[in-house]
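Spelled out from the first residue to the last, the chains are:
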Amino acid sequence: QITDKKYLVGFSQCTSFDSWRKTMQSEMQRELSFHGDMQLVIKDAQGDNDAQNKHINELVEMGVDLLIISPNEAEPVTRSVDQAYRSGIPVILIDRKTNSNFYTAYVGANNYKIGKIAATYIASLLDGQGKVLEIKGLKGSTPFIERHNGFRDQIKAFPQIEVTEIEGEWGGEETARKRFVELMQGGNSFDLAFAHNDIMAYAAYESYRELSPGGSLEIIGVDALSGPGGGIDYVTSGILKASLLYPTGGDVAIQIASDILHGRPYNKDNELVTTVIDSSNVHVMRMQTNKILAHESDINRLAERIDQQRVVYKNQQYILYVIAVL
Ligand code: FRU
């Protein structure tokens, strides 16, 4: 439902079935409660490039003032993003990129760096030698390309580390788990698995536990989401050896959207922080993220109350108007 807010912002999300994307969207909604003049319309492409192209065109036709886009795969979605940008609509890319430079701002952690940090951490865990399984994200998406390149560029320095790759496509059951099981049933064994996200890392953990009870495979993921069933939980309980923090940037995207729409200065590239979370720092991280989660739910409750008050106020105004007319 479109309201009378001054700015209409369209968000083309590549998929939203997982908690990381749901967190991104709730961060956006929360930040929006501080920006009373913006309304957000979200379209979820459910991992389908064609659907995403269609959504981007539809949002342009709706006359959005700004577009936020997380492109499913770079190449197939680049054209419609470029077209939207060229038509004069500011475009903020979030988490995933396209193949071109036609965007107004980008928000996300540096995925190449994440790959490199993971390699350095793994090389030190393994003392420079061992068998590593890389469980990769979706081929055409830029976080996969960058995490993979960063990882490969850095692990090269350790010739005694042998890397095998499988395609996990960012997913659990159907992809990462299935291919991991096939590989293990083929008689392969590894010292460590580096999955490009915690969903695939968890899928590897579960299937490994079933296939090799008592085995010693160490597993590392990316995302380190807070809250139940997130990477921070997995590291706390020892399911994962480590997870690299990959903030969603939902709140930052809305702040930048507001800056752009109001003509305030903004940066084109907005790099979010990353860090390794393992047993050495997970407790501090957990304390902090729990505090943030509590603050967030307070903010959400306040925003709801303000909305209710707005409705009451509008009704009162209407009653006053009716009385005046009578
Ligand atoms: C969620 C996700 C994250 C990953 C990111 C990469 O949909 O797969 O787990 O870090 O997307 O774009």
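Residues numbered from 1 in each chain as written. Predicted model: local features only at pLDDT ≥ 70, side-chain atom pairs only at ≥ 80, totals over all residues. Heavy atoms only, no water.

Peer 1: Help me understand the side chain of Thr78 in this model?
Peer 2: Structurally, the position occupied by Thr78 is in helix α3 (residues 74–86). According to the relative accessible area criterion, Thr78 is buried, its value standing at 10%. Here Asn99 takes part through its backbone nitrogen, which lies 3.0 Å from a polar atom of the side chain of Thr78. For Thr78, the contacting residues outside a window of four places in its chain are Thr98, Asn99 and Ser100. (Helix = DSSP H or I, 4+ residues; strand = E, 2+ residues; numbered from the N terminus. Buried < 20%, exposed > 50% of the residue type's maximum accessible area, 1.4 Å probe, protein only. Polar contact = N/O pair within 3.5 Å; in protein donor to acceptor, adjacent residues only side chain to side chain. Contact = heavy atoms within 4.5 Å.)

Peer 1: Explain the packing of helix α4 (residues 111–125) against helix α5 (residues 142–155) to me, please; I cannot follow it from the model alone.
Peer 2: In helix packing, the relevant descriptors are the interaxial angle and the interaxial distance, both defined with respect to the helix axes. Where α4 meets α5, the axes come as close as 6 Å, and the angle between the chain directions of the two elements is 40°. As for how α4 packs across α5, the hand of that crossing is right-handed. Contacts between α4 and α5 pair Asn111, Tyr112, Ile114, Gly115, Lys116, Ala118, Ala119, Thr120 and Ile122 from the former with Pro143, Glu146, Arg147, Asn149, Gly150, Phe151, Asp153, Gln154 and Ile155 from the latter. Residue classes in the contact of α4 with α5 are distributed as eight nonpolar, six polar and four charged. (Axes fitted to C-alpha atoms, helices over the stretch in contact; angles between N-to-C directions. Left-handed = near helix turned anticlockwise from the far one by under 90°. Nonpolar A, V, L, I, M, F, W, Y, C, P; charged D, E, K, R; others polar.)

Peer 1: Can you help me understand the site of the ligand in this one?
Peer 2: Residues in close proximity to the ligand include Asp18, Trp20, Arg21, Asp95, Arg96, Pro143, Arg147, Trp170, Asn197, Asp223 and Tyr246, which together make up its full environment. Taking Arg21, its side chain carries an N or O atom lying 2.7 Å from an oxygen atom of the ligand. Side-chain polar atom of Asn197 to an oxygen atom of the ligand: 3.0 Å apart, as the coordinates give it. Relative to its unbound accessible surface of 320 Å², the ligand loses 99% to contact with the protein. (Near = heavy atom within 4 Å. Areas by Shrake-Rupley, 256 points an atom, 1.4 Å probe, with all protein chains shown as cover.)

Peer 1: For this particular structure, what's the right way to read the pattern of salt bridges?
Peer 2: Opposite charge on two side chains permits them to pair, given that their charged atoms come into close proximity. Per the stated rule, a full pass over the model turns up 20 salt bridges. With a closest N to O distance of 3.8 Å, Arg152 and Glu134 form a salt bridge. Placement of the pair is Arg152 in helix α5 and Glu134 in strand β6 (residues 130–136), with a sequence separation of 18 residues. When its relative accessible area of 0% is taken as the criterion, Glu134 is described as buried. A salt bridge links Arg177 to Glu210; the shortest N-O distance between them is 2.9 Å. With a gap of 33 residues between them, Arg177 in helix α6 (residues 172–185) and Glu210 in helix α7 (residues 198–211) connect regions that are remote in the sequence. Owing to a relative accessible area of 15%, Arg177 belongs among the buried residues under this scheme. (Salt bridge = Lys/Arg side-chain N within 4 Å of Asp/Glu carboxyl O.)

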